[in-house]
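# An overview of the molecular structure
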Amino acid sequence: MQTLIPGNPVMKSILSFICLLASFASLAEPLEQAPVLDARSYLLYDFSSNQILVSHNADERMEPASLTKLMTAYLTFSAIRQGKLNLNQGFTVPLDAPRVTSGESRMLLKPGQTVTVDELLHGLIVQSGNDAANLLAIEVGGTETQFVAMMNREALRLGMKNTHFANPVGMPDAEHYSTAYDLAILAAAVVRDFPEYYPIFKLREYTFNNVSQANRNRLLWLDPYADGMKTGHTETAGFCLVGSALRDKRRLISVVLGAASDSERASDSQKLLNYGFQTFDAVRLYQNSQPVIHVRVWKGTESHVDLGFRRDLVLTIPKGQFAQLKASVETHQPIIAPIESGQQLGILRLTLAGKPYAQFPLLALDSVAQANVFSRGWDSIRLLIRKYSPL
């Protein structure tokens, strides 16, 4: 059902979602309150719906410590995909390789030995080896300085607006900082863009040079659904952890920064993940390219075009509140050809319990070419008549 709002050129369509087993409505508070943690900053992110479920000081700039290595890994994965490296490619550890002190995490590389990219990635991710990070940075970027520049360019591309890197390992530096929000963006990018390498993050230990080292991510032992991602710690950063868990095909990502201890960062992360899974449901509203609405097109070779989404539209809502979710569609009228597939032509607005909850751009699912001059002229006359006709 469509109604034209008097005095407003925006066409509003109130949609019936009977086909989705319920009608829609706006945001209400979940029955269970979010956990309050002692960590300086934390965030819970639903990867499936791209929604933040819990946030505390999430935009505060903080030291990321070894969480930095998520970006080092991301750029290495990218280099492999681009053909610049391959997993079986071997490198000789330089005799003048950057020194890693005994207090730093190491995979125990020895100068002069040959090591593969695959081994370095395991040493980087599972053992959090600074020596692995330094060698990968040089092999991917040419020099550490050039690699750091790559890190910062990639951070900007991903939308990490409050992040700046000064080294590939996470050593303290006034110009080395990030936020819980930005680190969630980076973690999601690793999962989304390089799923083939993500299984490395769930390994509990790795052996290199006949020395086995355990993954410092305690979540891998505490939570049977946990499958990543990365820990970090320095005296000034405190204990940090980006965690992730997958239950029933739904992934949540937690970020905890500045916890007081190793055990606290793990328990805090588990509290966030449990809260997200137990308190919220993720509902798929539309499939990729499923039409949401059929709208009129003027001056085109087609009279109508379907609007929808280029990816599945999944929404996270508090459990038991789906019946309170409602939706409306706004399209800017008149819609005039030419139209390109993927062009935004409207907005889907969602409310929950009568309050604004979320909105999503509606995209043209097909292209519509401009009609010939006679058809365009006829539509111009019809639009003029519509403009001055009573509603």
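To keep things clear, this report deals only with the structure shown in the data block. The shown structure was predicted, so the numbers you read here are calculated from the model rather than taken from an experiment. (Residues numbered from 1 in each chain as written. Predicted model: local features only at pLDDT ≥ 70, side-chain atom pairs only at ≥ 80, totals over all residues. Heavy atoms only, no water.)

### Focus: the environment of Thr114
Among the secondary structure elements, Thr114 is positioned in strand E6 (residues 114–116). Note on Thr114: relative accessible area 54%, which makes it exposed. Taking C-alpha positions, Thr114 is 15 Å from Ile138, a pair spaced 24 residues apart along the chain. Beyond its immediate stretch of four places on either side in the chain, Thr114 contacts Gly90, Phe91, Thr92 and Glu119. (Helix = DSSP H or I, 4+ residues; strand = E, 2+ residues; numbered from the N terminus. Buried < 20%, exposed > 50% of the residue type's maximum accessible area, 1.4 Å probe, protein only. Contact = heavy atoms within 4.5 Å.)

### With respect to the sheet that holds strand E4 (residues 51–56)
Pairing is antiparallel across the open sheet formed by 5 strands, whose spatial order is E4-E3-E11-E10-E9. A strand with exactly one partner marks an edge of an open sheet, and here the two such strands are E4 and strand E9 (226–234). Adjacent strand axes in the sheet meet at a mean angle of 10 degrees when their direction is disregarded. Relative to strand E10 (residues 238–247), E9 runs antiparallel, the two being bridged by 8 bridges. In the sheet register, Ala226 faces E10, and the bridge partner there is Ala245. Of the strands in this sheet, strand E3 (41–46), E4, E9, E10 and strand E11 (250–259) are in contact with helix H5 (residues 180–193), which crosses E11 at around 140 degrees. (Pairing = 2+ DSSP bridges. Axes fitted to C-alpha atoms, helices over the stretch in contact; angles between N-to-C directions.)

### A short note on helix H4 (residues 144–158)
Here H4 spans 21 Å end to end across 15 residues, near enough to the 21 Å set by a 1.5 Å rise per residue. For H4, every residue scored as buried is listed here: Phe147, Val148, Met151, Asn152, Glu154, Ala155 and Leu158. Axial view of H4: buried residues confined to an arc of 160 degrees, hence all on one face. Opposite the buried face of H4, at more than 90 degrees from it, the exposed residues are Thr145, Arg153, Leu156 and Arg157. Against helix H1 (69–81), helix H3 (130–141) and H5 lie the buried residues of H4. Positive backbone phi, approximately 95 degrees, marks Gly159, located one or two places after H4. (Expected span 1.5 Å × (residues − 1). Arc of directions from axis to C-beta.)

### What to know about the nonpolar core
In terms of nonpolar packing, the biggest core is built from 64 residues, with Met71, Phe77, Leu120, Met229 and Val242 touching the most fellow members. Broken down by element, the residue count for this core peaks at 10 residues, all from H5. Aside from chain neighbours lying at most four places away, what touches Met229 is Leu70, Ala187, Val190, Val191, Tyr198, Phe201, Asn217, Val242, Gly243 and Ser244. Listed in part, the 30 residues of the second largest apolar core include Leu307, Ile317, Leu325 and Leu352. (Core = buried A, V, L, I, M, F, W, Y, C linked by side-chain atoms within 4.5 Å.)

### A short note on H3
Given a rise of 1.5 Å per residue, 12 residues ought to cover 16 Å, and the 16 Å separating the end C-alpha atoms of H3 matches this to within 8%. Counting buried positions along H3 gives 10 out of 12 residues, so the element sits mostly inside the fold. Close packing links the buried residues of H3 with H1, E6, helix H2 (117–125) and H4. Just past H3, the residue Gly142 takes up positive phi, approximately 95 degrees.

### Side note on the side chain of Glu264
Relative to the helices and strands, Glu264 is located in helix H7 (residues 262–279). Buried Glu264, no salt bridge; nearest opposite-charge side chain is Lys271, N-O distance 7.7 Å. There is a polar contact of 3.0 Å between the side chain of Glu264 and the backbone nitrogen of Ala260. Setting aside anything within four residues of it in sequence, one finds Glu264 in contact with Asp38, Ala39 and Ala259. (Lys, Arg positive; Asp, Glu negative; His and termini not counted. Salt bridge = Lys/Arg side-chain N within 4 Å of Asp/Glu carboxyl O. Polar contact = N/O pair within 3.5 Å; in protein donor to acceptor, adjacent residues only side chain to side chain.)

### Side note on the packing of aromatic side chains
Tallying each qualifying case throughout the model produces 7 aromatic pairs. Relative to Phe194, the ring of Phe77 lies with its centre 5.5 Å away and its plane at 50 degrees, an arrangement referred to as tilted. Taken as a pair, Phe77 in helix H1 and Phe194 in the loop between H5 and strand E7 (205–208) lie far apart in primary sequence, 117 residues in all. The pair formed by Phe77 and Phe194 is uniform in burial state, with each residue classed as buried. Aromatic rings pair up to connect Tyr74, Phe77, Phe194 and Tyr197 into one cluster. For the cation-ring pair, Arg296 lies above Trp298, with the distance from its terminal atom to the ring centre recorded as 4.1 Å. (Phe/Tyr/Trp six-rings, centres within 6.5 Å; stacked < 30°, edge-to-face > 60°. Lys NZ or Arg CZ within 6 Å of the ring centre and 35° of its normal.)

### Here we look at the side chain of Arg265
Within the secondary structure layout, Arg265 lies in helix H7. Residue class for Arg265 comes out buried when judged on its relative accessible area of 4%. Only 3.1 Å separates the side chain of Arg265 from the side chain of Asp262, close enough to count as a polar contact. Excluding residues that lie within four positions of it along the chain, Arg265 makes contacts with Arg216, Thr231, Gly232, His233, Phe239, Cys240, Leu241, Val256 and Ala259.

### With respect to unusual backbone geometry
A cis amide bond links Gly228 to the next residue, Met229, at an omega of 10 degrees. By secondary structure assignment, the location of Met229 is in strand E9. Even without being a glycine, Ser128 presents a positive backbone phi close to 55 degrees. The backbone of Ala353 sits at a positive phi, close to 55 degrees, despite the residue not being glycine. Inspection of the secondary structure assignment puts Ala353 in the loop between strand E17 (344–352) and strand E18 (355–364).

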